[in-house]
Structure formats: structure tokens, C-alpha cells
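Understanding the architecture of this molecule
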Amino acid sequence: DIDISLAAIKASGSIGNEAAVSHLYQIIEKGKIEQKIASIKTLASIRAPSSINMLIKYFDLFEDKQIRNEIINAINTISPVNEKVQELNKSILLNPNADENLKINAVIGLMDSGNLNFLKPILEKASQNLLKTTFQHLLTINNPDSEDFIKYFQDKIRVFTPYTLGTYLAAFQLKTKN
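Remember, predicted model here, so these are calculated numbers, not experimental data.

One can find Ser 45 in helix H3 (residues 33-46). The class for Ser 45 is partly exposed, based on a relative accessible area of 31%. Distance in space between the C-alpha atoms of Ser 45 and Ser 12 is 8.9 Å, their sequence separation being 33 residues. Leave out the neighbours within four places in its chain, and Ser 45 touches Gly 13, Ser 14 and Ile 15.

This is the structure:
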């Protein structure tokens, strides 16, 4: 029964439960899509750094957008500062054909890693949705470079939609010294 399987997968998601990791890999490889997604989310809950390399391999293996998004969420939850995680996030942002949700997750991961400078030129050409999400997430992080980051976009606000502009102004107000 799929419901019992999903409940068992989710129940194994306590921080540090390394014993469940190999079983979750098997489900990711052989399970139904719901089981794969639940297993990836559970790996994020376990926060096992040892699972990052395998999740990155799965990212390259699977083409399903939902699975790929869950993988990016998981590795950024586990360790956004991991070098391989940052490399994957950067490669997503440099790929003009990458899915918008993947880009959003990659930006959030790089922001959480403290890598704001890489994002500046990338975001100049970004969608309004990606910019809005970036400014919203900036409000949730504590980074000493936040002020320089938000000021970088001051001369670019004329192209912002009203919602993106409002989000930017809120971030500007809260992240700069007046």
C-alpha cells in the first residue's frame, strides 16, 4: 500500500538517522514518483552530509522537474555551503534553459551559503519572479553583505514590476543603514 509506504518513509526522517539513508536510496531508484519525492524530502530531514553526492548523481539521472526540484531543496537544506552543492546551484543559474523553480531554489541555496556576489550579474537578467523571491529571501538571512547586495540593484529598479519593486523596497529599508 502506497500510503503505508509513504508514512514509513516520512517516519524515518529524524535528524541524523543515517541508518535509513541506504534504504531511501533504494526507494529513490526503484519506487513510484510519490515514494521518490518522499524519500528525497526525508533525506533533507535527516540532514546527512553523506547523502549530498548521491543526491547530486540523482539530479543528473532524473529528468522529472518535481524530483529535480526536491533534490535541489534537499541538498541546499543539508548543506548550502558544500562546494559541490554550490557548483550545482551555479550551473543551474548559468543554464538559460533551466526551469524557473530550479533557478529559484538555486538562488536561495547560494544566498544561504553567503554567496551573494555571484548572484549580482545573474539577477540582472532574471525574471521578475526570481528577483521578487530573491528580495523576499534576503529578508530572512543574516549576511553582512546584504546591504551591498541590495544597493547593487538601486539603478535597476525602473524595470521592476510593482510587486518586485515593493519587495525590493522592503528589503532595502530593512537591510541598509539609513
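Further remarks concern the layout of surface pockets. Volume-wise, the largest pocket comes out at about 190 Å³. Around the largest pocket, the lining residues are Leu 93, Leu 94, Asn 95, Pro 96, Glu 100, Lys 103, Pro 121, Ile 122, Lys 125, Ala 126, Ser 127 and Leu 130. Every element with two or more residues in the lining of the largest pocket is listed here: helix H6 (83-94), helix H7 (100-112) and helix H8 (116-124). Split into classes, the residues belonging to the lining of the largest pocket amount to 7 nonpolar, 2 polar and 3 charged.

In this structure, Ile 150 sits in helix H10 (residues 146-152). Here Ile 150 falls in the buried class, since its relative accessible area comes to 0%. Considering only alpha carbons, one finds Ile 150 and Leu 169, 19 residues apart in sequence, at a separation of 9.2 Å. Apart from residues no more than four positions distant in its own chain, Ile 150 is found in contact with Phe 135, Leu 138, Tyr 168, Ala 171, Phe 172, Lys 175 and Thr 176.

As a further point, take the packing of helix H2 (residues 21-30) against H3. Axis angle and axis distance: for two packed helices, these are the angle between their axes and the distance between the axes, and together they describe the pair. Where H2 contacts H3, the axes come no closer than 8 Å and their chain directions differ by 155°. It follows that H2 is roughly antiparallel to H3 by the angle criterion. H2 and H3 meet at a crossing whose hand is left-handed. Mapping the contact onto sequence places Val 21, Leu 24, Tyr 25, Ile 27, Ile 28 and Glu 29 in H2 and Gln 35, Lys 36, Ser 39, Ile 40, Thr 42, Leu 43 and Ile 46 in H3. The residue makeup of the contact of H2 with H3, split by class, is 8 nonpolar, 3 polar and 2 charged.

Structurally, Glu 70 can be placed in helix H5 (residues 65-78). Among buried Asp, Glu, Lys and Arg side chains, Glu 70 stands out as unpaired, with Lys 41 the closest opposite charge at 4.0 Å. Beyond its immediate stretch of four places on either side in the chain, Glu 70 contacts Ile 37, Ile 40 and Lys 41.

According to the stated counting rule, one finds 4 salt bridges in the structure shown. The salt bridge partner of Asp 99 is Lys 65, with a shortest N-O separation of 3.8 Å. Separated by 34 residues along the polypeptide, Asp 99 in the loop between H6 and H7 and Lys 65 in helix H5 bring together distant segments of the chain. In this structure, a network of salt bridges that share partners links the residues Glu 147, Lys 151 and Lys 177.

Glancing now at the packing of aromatic side chains. One pass over the structure, following the stated rule, counts 9 aromatic pairs. Centre to centre, the rings of Tyr 25 and Tyr 58 are 6.1 Å apart; their planes meet at 65°, and the pair counts as edge-to-face. Of this pair, Tyr 25 sits in helix H2 while Tyr 58 sits in helix H4 (residues 52-61), and the two are 33 residues apart along the sequence. Its guanidinium or amino end placed over the ring of Phe 59, Arg 68 lies 3.8 Å from that ring's centre, counting from NZ or CZ. Between Lys 90 and the ring centre of Phe 118, over which it is positioned, the NZ or CZ distance is 5.1 Å.

What follows concerns the side chain of Ser 12. Along the chain, Ser 12 falls in the loop between helix H1 (2-11) and H2. Contacts of Ser 12, omitting those with residues within four sequence positions, involve Asn 17, Ala 20, Leu 24, Thr 42 and Ile 46.

Rules used in this analysis
- Residues numbered from 1 in each chain as written.
- Predicted model: local features only at pLDDT ≥ 70, side-chain atom pairs only at ≥ 80, totals over all residues.
- Heavy atoms only, no water.
- Helix = DSSP H or I, 4+ residues; strand = E, 2+ residues; numbered from the N terminus.
- Buried < 20%, exposed > 50% of the residue type's maximum accessible area, 1.4 Å probe, protein only.
- Contact = heavy atoms within 4.5 Å.
- 1 Å grid on protein atoms, 1.4 Å probe; cavity = no way out; pocket = protein on both sides within 12 Å on 5 of 7 lines; lining within 4 Å.
- Points joined across faces, edges and corners; volume = space filled by probe spheres on them.
- Nonpolar A, V, L, I, M, F, W, Y, C, P; charged D, E, K, R; others polar.
- Axes fitted to C-alpha atoms, helices over the stretch in contact; angles between N-to-C directions.
- Parallel < 35°, antiparallel > 145°, perpendicular 65-115°, else oblique.
- Left-handed = near helix turned anticlockwise from the far one by under 90°.
- Lys, Arg positive; Asp, Glu negative; His and termini not counted.
- Salt bridge = Lys/Arg side-chain N within 4 Å of Asp/Glu carboxyl O.
- Phe/Tyr/Trp six-rings, centres within 6.5 Å; stacked < 30°, edge-to-face > 60°.
- Lys NZ or Arg CZ within 6 Å of the ring centre and 35° of its normal.

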